[in-house]
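A look at the structure
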Amino acid sequence: MIPIEYFLALSAILFSLGAYGALTRRNTIVVLMSIEIMLNAANINFVAFSSFFNDVRGQVFALFSIAIAAAEVAVGLAILLNLLKTRETIDLEDIHILRW
């Protein structure tokens, strides 16, 4: 069996890469992909601890998290397509329509 520390290290690396991408990039698609990487890192933690404690609840929670992430991506891409249609850009610095 693979030690849980390996899964936690992988999850920490993925979460750090996702946070770096979400905070430093200006392209909205890359920011959404970085957020998905961070959610997948959390799902790895859920499944690793679920396997470690021989409990199914972490895996079920990860499954719900994946479903919610898919819905989040669908809504995010719909908003981006609408902004691309109206403003002709998806650059985060140029989009001020959603602010007051």
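Everything numeric in this text was worked out from a predicted model, so none of it was measured.

Of regular secondary structure, the protein possesses three helices and zero strands. Traced from its N-terminal end to its C-terminal end, the protein shows the element sequence α-α-α. Its C-alpha atoms put the protein at 50 × 25 × 20 Å along the principal axes. Each of the 100 residues in the protein was classed as buried or not, and the buried ones make up 24%. Of the roughly 7,400 Å² that the protein leaves accessible, carbon and sulfur atoms contribute 70%.

A few words now on the pattern of salt bridges. Counted by the stated rule, this structure contains one salt bridge. With its nearest N and O atoms 2.8 Å apart, the salt bridge here joins Asp55 to Arg57. For Asp55, a relative accessible area of 29% translates into the label partly exposed.

Right, let's talk about unusual backbone geometry for a bit. Trans is the prevailing form of peptide bonds, just as negative phi is the prevailing case for residues other than glycine. Positive phi outside glycine occurs at Asn54, with the angle close to 55 degrees. Inspection of the secondary structure assignment puts Asn54 in the loop between α2 (28–52) and α3 (57–87).

Criteria and thresholds
- Along each chain, residue indices are assigned from 1 in the same order as the chain's sequence is written.
- Per-residue local features are limited, in this predicted model, to residues with pLDDT of at least 70; the limit for side-chain atom pairs, both in listing and counting, is 80 or more; totals at the level of whole chains, interfaces and linings are taken over all residues.
- Computation of side-chain values covers all heavy atoms of the structure but excludes hydrogens and water.
- Strands are runs of DSSP state E lasting at least 2 residues, helices are runs of H or I lasting at least 4, and numbering of each runs from the N terminus.
- Buried residues are those whose accessible area, probed at 1.4 Å on protein chains only, stays under 20% of the maximum for their type, while exposed residues exceed 50% and partly exposed ones sit between those limits.
- Using a 1.4 Å probe, the Shrake-Rupley method yields the accessible areas, and only the shown protein chains count as cover for residues.
- The term salt bridge refers to a side-chain nitrogen of Lys or Arg lying within 4 Å of a carboxyl oxygen of Asp or Glu.

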